[in-house]
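Take a look at the letters that make up each chain.
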Amino acid sequence: MKEIKTIGVLTSGGDAPGMNAAIRAVTRSAIFEGWKVYGIYRGYEGLINGDIKEFTSESVSNTIQRGGTILKTARSQEFMTEDGRVKAYENIKKFGIDALIIIGGNGSLSGAQILAKEYDIPCIGLPGTIDNDLYGTDSTIGYDTALNTIVECVDKIRDTATSHDRIFFIEVMGRDAGFLTQNSAIAAGAEAAIIPEDKTDIDQLEQFISRGFRKSKNSSIVLVSESPKDGGAMHYAERMRNEHPEYDVRVTILGHLQRGGTPTAYDRILASRMGVAAIEALNEGQRNVMIGIKNDQIVYVPFSRAIKIDKPIDRELIHVLGVLSI
Ligand code: F6P
């Protein structure tokens, strides 16, 4: 196995709060080992275009508290092609990069897996996505911050919903996963959550709401996972309006504000631990694994498992929300 002296680090896919803390931890722990570090800009695009700069310890100063990613990010179409990956490999050779640390979600780790397979480049992944949809880790970098952002927004919407006796359908990100929706629904005391893992029937939803209205509630909050296929919150609001014109229904789509903001202490610590663990993993001879956290312990998850296996939603959460929303 070739000795590692130089690494490259990149962020790819949707940005997530805490990515900077991860870049910082990777950079500083690699320098601690005596290695050279290159920051690769705009994810795989930067690898293809040679948008690569040497990082020192100072390059990552004053970044732990910042949202977004100082390395910028992209969803590279060119990297999906063989030609794109040839160019990427040429730059890996040109800069003498012995291993790559990839911080991103499902698509980003899939890219790493392909590169590792085609060119035998040691890759270590860090789960960086607000969606929390990677198998083998209890949490991903950015998830906790996004969750807190959503809860703060829903609390505010609750004020106006109550003042006007309105039902709000609030759309939450998460791609194909309902972790953000389900947990923010519990934390914000929502009346119901509609998640992709458990398609709530509209009649059941109505039952929840009218039960709440009949009792003491004068407003309702329903959190809905984004769903380009089903139409998300707009779709449910429209049905509610048609079938119950007596209710005053409004929709809020939280959108990209869920991705921004200063990372929580939890995300900063998680990213710092994972960044240090990534360098230790390389030192131990680990290859092509994602760093995960399970029961507060760092674990290594092979890319094939992290990417391919669907991470199940905890059914207990669905039960808890059901019980508490009566
Ligand atoms: O994966 C993170 C995420 O924010 C998803 O929750 C969302 O579906 C998607 O990215 C949005 O992507 P974009 O920023 O490219 O619109």
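A short tour of the structure in this document, coming up. Nothing here was measured: the structure is a model prediction, and the numbers come from that model.

1. Topic: the side chain of Thr27
You can see Thr27 is positioned in helix 1 (residues 19-32). At a separation of 2.7 Å, a polar atom in the side chain of Thr27 contacts the main-chain carbonyl oxygen of Ile23. Setting aside chain neighbours within four positions, we find Thr27 in contact with Val9, Val37, Phe55, Thr56 and Val60.

2. Looking at the sheet that holds strand 5 (residues 123-127)
The seven strands are arranged 3-2-1-4-5-10-11 in an open sheet whose pairing can be described as mixed. Here the strands that pair on one side only, and so sit at the sheet edges, are strand 3 (52-55) and strand 11 (297-302). On average, each strand axis in the sheet is tilted by 30° relative to the strand beside it, whichever way the strands run. Pairing between strand 4 (residues 99-104) and strand 5: five bridges, direction parallel. The residue of strand 5 that forms the bridge with Gly104 is Pro127. Contacting strand 1 (6-11), strand 2 (36-40), strand 3, strand 4 and strand 5, helix 1 runs over the sheet at an angle of about 180° to strand 1. Across the sheet, helix 9 (residues 265-283) lies against strand 1, strand 4, strand 5, strand 10 (289-294) and strand 11, angled at about 135° from strand 10, the strand it touches most.

3. Considering the site of the ligand
Around the ligand, a shell composed of Arg75, Thr129, Ile130, Asp131, Met173, Gly174, Arg175, Glu226, His256 and Arg259 is seen. Within the backbone of Gly174, one N or O atom sits 3.1 Å away from an oxygen atom of the ligand. Residue Arg259 places a side-chain N or O atom 2.8 Å away from an oxygen atom belonging to the ligand. Here the ligand loses 74% of its free accessible area of 400 Å² to cover by the protein chains.

4. Some thoughts on the pairing of strand 5
With five of five residues buried, strand 5 lies mostly within the body of the structure. Of the two faces of strand 5, the one carrying Cys123, Gly125 and Pro127 and the one carrying Ile124 and Leu126 are both buried. Read as a crossover between parallel neighbours, the route from strand 4 over helix 4 (residues 106-119) to strand 5 is right-handed. Across two bridges, strand 5 lies against strand 10 in parallel orientation. Each bridged residue has a counterpart across the sheet, and for Ile124 the counterpart in strand 10 is Val289.

Rules behind the numbers
Residues numbered from 1 in each chain as written. Predicted model: local features only at pLDDT ≥ 70, side-chain atom pairs only at ≥ 80, totals over all residues. Heavy atoms only, no water. Helix = DSSP H or I, 4+ residues; strand = E, 2+ residues; numbered from the N terminus. Polar contact = N/O pair within 3.5 Å; in protein donor to acceptor, adjacent residues only side chain to side chain. Contact = heavy atoms within 4.5 Å. Pairing = 2+ DSSP bridges. Axes fitted to C-alpha atoms, helices over the stretch in contact; angles between N-to-C directions. Near = heavy atom within 4 Å. Areas by Shrake-Rupley, 256 points an atom, 1.4 Å probe, with all protein chains shown as cover. Buried < 20%, exposed > 50% of the residue type's maximum accessible area, 1.4 Å probe, protein only. Right-handed = clockwise from strand over helix to strand, strands pointing away.

The values are spatial; any link to function lies outside them.
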